[in-house]
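Descriptive analysis of the structure
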Amino acid sequence: MIIFAMESSCDETAAAVVSAENDRFRVLSDIVSSQVPIHALYGGVVPEIASRAHCEAVTNVARQAADQAGISLSDIDAVAVTFAPGLIGSLLVGVSFAKSLAYVLNVPLVPVDHIRGHVAAAYIEHADIKPPYLALVVSGGHTSLYHVTGHNRFEEIGGSRDDACGEAFDKVGRVLGLPYPGGAAMDRLAAEWYEEEAKGRKNGYSFPSPAVADDSFDFSFSGLKTAVINTVHNEKQKRKTDVLPDDVRREIAGAFTRTVAEGIGKKLIAALQATGADTLVMAGGVAANSHLRRTVGEICRRRKVRFAVPSLRLCGDNAVMIAAAGYYSLLDGVRADSSLNACASDEGSAQVLASLKKHTENCSPYENHSDL
Ligand code: KG4
Ligand code: ZN
């Protein structure tokens, strides 16, 4: 089956064509048009500018995806689209475009939750992974831990009580003078610190753990973020400068990143024990972090838990992951009619998916119901 997928929940307009058969995926095209250079001017995503940029890019991105895949539109069997959660204006652009495409082609329209999409990225390169497993999504908007018991059955067992992990990386990056979004640059800065550490330097900074000190599988990044921001301000005052020396920035980035990875690791160990899961999927933009990948990889290796983390390209927002999630939704009978709307919140997303599932329970997965 050929799936055409679209993603526009935040600041990336993406389209992909993926061939899926018997749980095996072949990526025929993967186009991502990033708005980062635009939002970097403002130090963060400006929602209205994001919607407008999606509107400008969407047709070209979709056309490129079809061209690169070497398919004609009539080859498409289903259109999958991120409908939630995210910036509402951004989501609406992708949803409207995908609805029109599915209507014109008379193929099923499959609504996909962005977070489940991130998790499904793992299926692309690890085709043998099957539920049940534990999934950690670490992105700019989420830090969530799920016990996944079916391709479409997600039980959220933990998550951040305040800021998302990526948000903390971006804010710390900003006070350290890194361009938006700070995550990838923080990764490089911390890596430079770990090289110094390997030569014997000791890190003088210690920050509060994001692992909430109770039996839950929850995180809190706001205390950690504030502690790092205060440290940066104090260091600047002490030195009577607005720009910290590179070695201090490296040391702070290294201490922050280690604190994040160890805090996440602590809750992962507890969640692996509680669920008895033998597989861990880690996904989302922050899953690209080299130190986090190493730390979590080591935790899994020691416990003989299979560790599935997408390659770097598939960690950030993309439409390939939406195609993979859409495939399993389609097999489960989930599809939308022409009244599909976008939804900003996690709760709204769960409600829409539950109602769609109910409506389509008795339909054949391949049957098209453009209006249920
Ligand atoms: O999943 P994603 O692309 O978008 C959302 O769904 O939010 O995640 C974006 C987040 C940003 O906060 C970005 O700074 C962070 O992922 N990120 C990283 C790295 N690469 C991207 N954070 C830490 N280390 C990285 N290498
Ligand atoms: Zn994302």
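Here is what the cut-offs are and how they apply
Residues numbered from 1 in each chain as written. Chains lettered and ligands numbered in written order. Predicted model: local features only at pLDDT ≥ 70, side-chain atom pairs only at ≥ 80, totals over all residues. Heavy atoms only, no water. Donors = N, O, S within 2.8 Å, 3.2 Å for Na, K, Ca; no water. Helix = DSSP H or I, 4+ residues; strand = E, 2+ residues; numbered from the N terminus. Near = heavy atom within 4 Å. Polar contact = N/O pair within 3.5 Å; in protein donor to acceptor, adjacent residues only side chain to side chain. Nonpolar A, V, L, I, M, F, W, Y, C, P; charged D, E, K, R; others polar. Pairing = 2+ DSSP bridges. Buried < 20%, exposed > 50% of the residue type's maximum accessible area, 1.4 Å probe, protein only. Contact = heavy atoms within 4.5 Å. 1 Å grid on protein atoms, 1.4 Å probe; cavity = no way out; pocket = protein on both sides within 12 Å on 5 of 7 lines; lining within 4 Å. Points joined across faces, edges and corners; volume = space filled by probe spheres on them. Axes fitted to C-alpha atoms, helices over the stretch in contact; angles between N-to-C directions. pLDDT = per-residue confidence, 0-100. Patch = residues over 30% accessible without salt bridge, like charges linked within 9 Å, V, L, I, M, F, W, Y side chains within 5 Å. Areas by Shrake-Rupley, 256 points an atom, 1.4 Å probe, with all protein chains shown as cover. Salt bridge = Lys/Arg side-chain N within 4 Å of Asp/Glu carboxyl O.

1. Comments concerning the coordination of the zinc ion (ligand 2)
Taken together, His114 (NE2), His118 (NE2) and Asp317 (OD) make up the protein donors of the zinc ion (ligand 2), found 2.0 to 2.1 Å from the metal. Summarised as a motif, the one-chain spacing of the donors to the zinc ion (ligand 2) is H-x3-H-x198-D. You can see His114 and its partner His118 sitting in helix α4 (residues 114-125), 4 residues apart, about one turn around the helix.

2. As for the site of ligand 1
Residues in close proximity to ligand 1 total 19 residues, the closest being Gly140, Asp170, Asp187, Gly285 and Asn289. A distance of 3.1 Å separates an oxygen atom of ligand 1 from a polar atom in the backbone of Gly183. The separation between a nitrogen atom of ligand 1 and a polar side-chain atom of Asp187 is 2.9 Å. Broken down by secondary-structure element, the contributors of at least two residues to the shell around ligand 1 are α4, α5 (165-175) and α6 (183-198). Along the lines of polarity and charge, the residues of the shell around ligand 1 split into 5 nonpolar, 11 polar and 3 charged.

3. Comments concerning the pairing of strand β3 (residues 24-34)
The pairing of strand β2 (residues 12-21) with β3 spans 10 bridges and is antiparallel. Bridging from a neighbouring strand, Thr13 pairs with Ser33 of β3. Joining the antiparallel neighbours β2 and β3 is a turn of 2 residues, in which Asn22 adopts a positive phi near 45°.

4. Remarks on the environment of Ile76
If you trace the backbone, Ile76 turns up in the loop between α2 (47-69) and β4 (78-84). Under the relative-accessibility criterion, Ile76 is labelled buried at 4%. Along the backbone, Ile76 and Asn106 are 30 residues apart, and their C-alpha atoms lie at a distance of 9.7 Å. Filtering out sequence-adjacent residues up to four positions away, Ile76 remains in contact with Ile2, Phe4, Ile71, Leu105 and Val107.

5. Some words on the layout of surface pockets
Empty space within the second largest pocket amounts to approximately 590 Å³. Lining the second largest pocket are 28 residues, with Asp113, Arg116, Phe154, Ala350 and Leu353 positioned closest to its centre. Taken together, the elements giving at least two residues each to the lining of the second largest pocket come down to β5 (109-113), α4, β8 (153-159), α11 (320-331) and α12 (346-360). When the residues that make up the lining of the second largest pocket are grouped by side-chain class, the tally is 15 nonpolar, 5 polar and 8 charged.

6. With respect to the sheet that holds β8
The sheet built from 5 strands is open, its strands ordered β8-β7-β6-β9-β10 with mixed pairing. Bordering the open sheet on either side are β8 and β10 (306-308), each of which pairs with just one other strand. The mean angle between the axes of side-by-side strands here comes to 25°, regardless of whether they run parallel or antiparallel. Pairing of strand β6 (residues 133-138) with strand β7 (residues 143-150) involves 6 bridges; the strand directions are antiparallel. Bridging across to β7, Leu134 finds its partner in His147. Here helix α9 (residues 290-303) sits on the sheet and contacts β6, β9 (279-283) and β10; the angle it forms with β9, its principal contact strand, is near 175°.

7. Examining the confidence of the model for the protein
On average, the protein scores 95 in pLDDT, and the residues at 70 or more come to 96%. Here residues 365-372 scores under 50 on pLDDT; set against residues more than four positions off or in separate chains, the count is 25 contacts.

8. Comments concerning a nonpolar patch on the surface
Nonpolar side chains collect at one region of the surface, where Ile38, Leu41 and Tyr42 lie side by side and expose about 340 Å² of accessible area between them. You can see Leu41 is positioned in the loop between α1 (36-40) and α2. The exposed category is assigned to Leu41, whose relative accessible area is 69%.

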